[in-house]
Amino acid sequence: MNPDQRKQSVGIVTPRHFVIEEGLKLQCGQVLAPITLCYEVYGTLSKNADNAILIEHALSGDAHVAGYHSPEDAKPGWWESMVGPGKTFDTEKYFIVCSNIIGGCSGSTGPSSINPKTGKRYGMDFPLVTIADMVHAQKKLMDHLKIRKWLCVAGGSMGGMQVLRWALLYPDSLVSAIPIATSSRISPQSIAFNWVGREAIMSDPAWNGGNYEEQPDKGLAIARMLAHITYLSEESMRRKFGRKLQFSQDYSFDFDKDFSVESYLEHQGMRFVERFDANSYLYITRAIDYFDVTDKTGGDMAKGLEKMKCKCLVVSFTSDWLFPPEQSREMVRGMLKNGLDVSYCNIESSYGHDAFLLEDDTLGRLISNFLSNLETDKE
Amino acid sequence: MTTIRLNHDTTLSRRDLETIASMIPGKSRILDLGCGSGRLLKFLAQLKEAKVMGVEKEQDKVIECTGRGVPVIQADLNDGLPDFADNSYDFVILSQTLQAVKRPDLLLDEMFRVGKTGIISFINFGHCSARKQLLFGDMPETKTLPWKWYNTPNIHLATIADFRRLCTQKNIRILREIPLTQDGDPFAFLAGIWPNLFSSTCVFILEK
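Computed from a predicted model, the values in this text were never measured in an experiment.

Draft legend 1. Examining the packing of aromatic side chains more closely. Residue and element names in this part refer to chain A. In total, this model carries 19 aromatic pairs over all chains according to the counting rule given. Ring centres 5.1 Å apart and planes at 85° place the aromatic pair Y122 and F126 in the edge-to-face group. Just as Y122 is buried, F126 falls in that class too. On the basis of an interplanar angle of 50° and a centroid distance of 5.3 Å, the ring pair of W166 and Y170 is categorised as tilted. Residue W166 shares its accessibility class with Y170, and that shared class is buried. Through a chain of ring-to-ring contacts, three or more aromatic side chains come together here, namely W78, W79 and F89. Across the ring face of Y170, the terminal group of K139 is positioned such that the distance to the ring centre comes to 5.3 Å. The ring of F272 is capped by R224, whose NZ or CZ atom sits 4.4 Å from the centre of that ring.

Draft legend 2. View of the pattern of salt bridges. Scanning the model with the defined rule gives 26 salt bridges over all chains in all. The shortest N-O distance in the salt bridge between R113 of chain B and E110 of chain B comes to 2.7 Å. Taken as a pair, R113 of chain B and E110 of chain B lie in helix α4 (residues 104–114) at a separation of 3 residues, close to a single helical turn. Judged by its relative accessible area of 25%, R113 of chain B is partly exposed. Classification of E110 of chain B by relative accessible area gives buried; the value is 18%. Salt bridges here are not isolated pairs; linked through shared partners, they connect E326, R329 and R333 of chain A together with D83 of chain B.

Parameters at a glance
- Residues numbered from 1 in each chain as written.
- Chains lettered and ligands numbered in written order.
- Predicted model: local features only at pLDDT ≥ 70, side-chain atom pairs only at ≥ 80, totals over all residues.
- Heavy atoms only, no water.
- Phe/Tyr/Trp six-rings, centres within 6.5 Å; stacked < 30°, edge-to-face > 60°.
- Buried < 20%, exposed > 50% of the residue type's maximum accessible area, 1.4 Å probe, protein only.
- Lys NZ or Arg CZ within 6 Å of the ring centre and 35° of its normal.
- Salt bridge = Lys/Arg side-chain N within 4 Å of Asp/Glu carboxyl O.
- Helix = DSSP H or I, 4+ residues; strand = E, 2+ residues; numbered from the N terminus.

Here's what the structure looks like:
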């Protein structure tokens, strides 16, 4: 971290832990207890506790949204461009909270945590969690932090699903919601990609039914590489890599990596294995598969969103084919039918699904504008 | 004096605004198609406590609307109004946009499916300055229509008389016509008497 970066950043942050001793009865019927939530906060909670914003992370994200964990830390949090003093999620105005989801592997209770009943890691004994379960756990954290009402709950991709769940499960607990690059019911295409990813992990002998000391590197890397392709677009890949060869002027005439795009994917896969637990990948992708706000309304979108009360800003990106704009539009249509105060912006971008992390200039202006009009909605 | 810019160079004066506002009861539900940066809706939301919604194609204008606190849906009017349910608005406004969509007749149908009363401001191709240029063999370029024939977004120009005929054909009733003129137009005083010749734009209040 250089001094310039420090100036515009929340600086050094320390993750915190909150333990829900009694745990939670999960949607699958099992009780998970105790539950630890690892979270980070930035900024100061106002006297009236009315300036709190909850940010939800995506599949491979974590609670570390902004700042650095140590002065030696080379990489800031995953949404550093959006969260900090004077930025869109202005830490001088707002109190920002982000917590690691349950089922993950970044400090909150997940399959790599120790099962108190056995003294060993949960592995496949970990119960299946849903997006709703993740949100119920976050509600306990909200109460613990003495936050009356979120000014806003915002997040992209799987984070956006949590945003929608918040708005449906606790409609009186938030003033506004910003679901970004997401869907109100995951498409069969996404389910298919998740399935292939999990198959790659589970068919790696090192996975060993979920009981492993060493990660199933190969399987997890393949799952990540496959998923990574879905986060890009044909255009962004063409621009970034073209048909460039990575190491030599000519083809190697074997099956080792020749093209830049192959080296890039391999690198992404290897880096992911270092920081992400294979079992968590199984659990989280399953939670995504099960996400459907209309599962109890026979597919009726407006009915599925009926409980929602808050103001909403829905954002999609033109080249996102994993969560295509039409899926956002479908959700907007349901909200309009319910008479909700909703806005929708389909941001022009060639970055594909990843745009929600890369188009920070446009997305930043849009969200800043939206947030600046929320003040009057405070109670 | 309160004025409000609808589009390009057309400014609704306080009198015109009041005319429109007077026709809109308090707390109405208003949909503005091609709402731009949301100025008109913001005005109506404040003056009339209206429940407003805008539709806008351009991303930067959508972002501006959001900055004004005006809810907006980014969409292309050429696709109709599939996001909106039948009879979900009291008023549907269309400012100087009808001539730029692919099928003005179909958009009119959509307007009256979604809303009860239509407020359309219509660029009049029958205005005397346009007629004069056509007479001399040139495609008209006016203050309201500043483009060349090959780059104009206005692909369906028509006269006030043409528009009245389309309304009759579609059983749309014209409740009121408010002819508007450009600032400094020497014939402005004639617009009310002979709008098809002397008004550059005309606001129609319509119902089906």
